[in-house]
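Listed here are the chains, written in short residue letters.
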Amino acid sequence: MPSWINRLTDASADLVFLDVPRRVAKALLLRAETHGTADLGLTQTALPSSVGSSRQWVNQALHGLERRGWVAVDGRKVRIRDEAALRRFVEN
């Protein structure tokens, strides 16, 4: 099966089965795999479109993840602080 079909299937399943905070966390983890955890290079305006949600919901999700100490939000930049906790959150 072509890889684009797998990505489309995964994205569709995420929309159905994961809430917005988990979709945001998963998007951050996927981005970190290619960009490292120090600076994801992902702005808060690009994130909503990648998780299929509004900017308001994504900002609420980011602030929840930040309150838990799992990410740091600095202006328009997001940095993962506790990758293991973020992974556990996505998997539950």
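See above for the structure.
Parameters at a glance
Along every chain, residues carry numbers that run from 1 in the direction the sequence is written. Reporting in this predicted model follows two pLDDT cut-offs: at least 70 for local features of residues, and 80 or more for side-chain atom pairs to be given and counted; totals over whole chains, interfaces and linings ignore these cut-offs and use all residues. No hydrogens and no water enter the side-chain calculation; it runs on all heavy atoms of the structure. For this analysis, a ring pair means two rings from Phe, Tyr or Trp (six-membered ring only for Trp) whose centres lie within 6.5 Å, classed as stacked if their planes differ by under 30 degrees, edge-to-face if by over 60, and tilted for the remaining angles. Secondary structure counts use DSSP, requiring at least four H or I residues in a row for a helix and at least two E residues in a row for a strand, with both numbered from the N terminus. Exposure is judged per residue with a 1.4 Å probe applied to protein chains only, and the accessible area is read against the type maximum: over 50% gives exposed, under 20% gives buried, and values in between give partly exposed. Angular values range over 0 to 180 degrees, each being the angle between N-to-C directions of two axes fitted as lines to C-alpha atoms, with helices fitted over their stretch in contact. Each angle gets one of four labels, with under 35 degrees taken as roughly parallel, over 145 as roughly antiparallel, 65 to 115 as roughly perpendicular, and the rest as oblique. Definitions for this section: a left-handed crossing has its near helix turned counterclockwise from the far helix by less than a right angle. A right-handed crossing has that turn clockwise. Residues are treated as being in contact if the distance between any of their heavy atoms lies within 4.5 Å. Counted as salt bridges are all cases of a side-chain nitrogen of Lys or Arg within 4 Å of a carboxyl oxygen of Asp or Glu. Definition of nonpolar core: a set of buried residues of the types Ala, Val, Leu, Ile, Met, Phe, Trp, Tyr and Cys, connected through side-chain atoms within 4.5 Å.

Chemist: Can you lay out the packing of aromatic side chains for me, pointing to particular residues and giving the numbers?
Modeler: Under the counting rule described, the total for this entry stands at one aromatic pair. Where Trp70 meets Phe89, the ring centres are 5.3 Å apart and the plane angle is 50 degrees; that geometry is what we call tilted. Placement of Trp70 in the loop between helix H4 (55-67) and strand S1 (71-74) and of Phe89 in helix H5 (residues 83-91) is noted, with a sequence separation of 19 residues between them. Note on accessibility: Trp70 and Phe89 belong to one class, buried.

Chemist: If you had to explain the packing of helix H2 (residues 20-35) against H5 to someone new, which residues and values would you point to?
Modeler: Put simply, H2 and H5 touch, their axes get as near as 9 Å, and they point 135 degrees apart. Comparing the axis directions of H2 and H5 gives the class oblique. Pair H2 / H5 crosses with left-handed handedness. Across from Pro21, Arg22, Ala25, Lys26, Leu28, Leu29 and Glu33 in H2, the residues of H5 making contact are Glu83, Leu86, Arg87, Phe89 and Val90.

Chemist: Lay out the pattern of salt bridges in plain terms, naming residues and giving numbers.
Modeler: Per the stated rule, a full pass over the model turns up two salt bridges. Of the charged contacts, one joins Asp19 and Arg22 as a salt bridge, the two residues approaching to 3.1 Å between their closest N and O atoms. By relative accessible area, Asp19 is classed as partly exposed at 36%. Linking Glu83 and Arg87 is a salt bridge whose minimum nitrogen-to-oxygen distance equals 2.9 Å.

Chemist: Talk me through the nonpolar core; I want residue IDs and the actual numbers.
Modeler: Core analysis: the biggest nonpolar cluster contains 22 residues, and Val24, Leu28, Leu47, Leu62, Leu65, Val71 and Leu86 have the highest contact counts within it. Looking at this core, the elements that each hand over two or more residues are H2, helix H3 (46-51), H4, S1, strand S2 (77-80) and H5. At seven residues, the largest contribution of residues to this core is made by H2. Leaving out residues up to four positions away in the same chain, Leu65 has contacts with Pro21, Val24, Ala25, Leu28, Trp70, Val71, Leu86 and Phe89.

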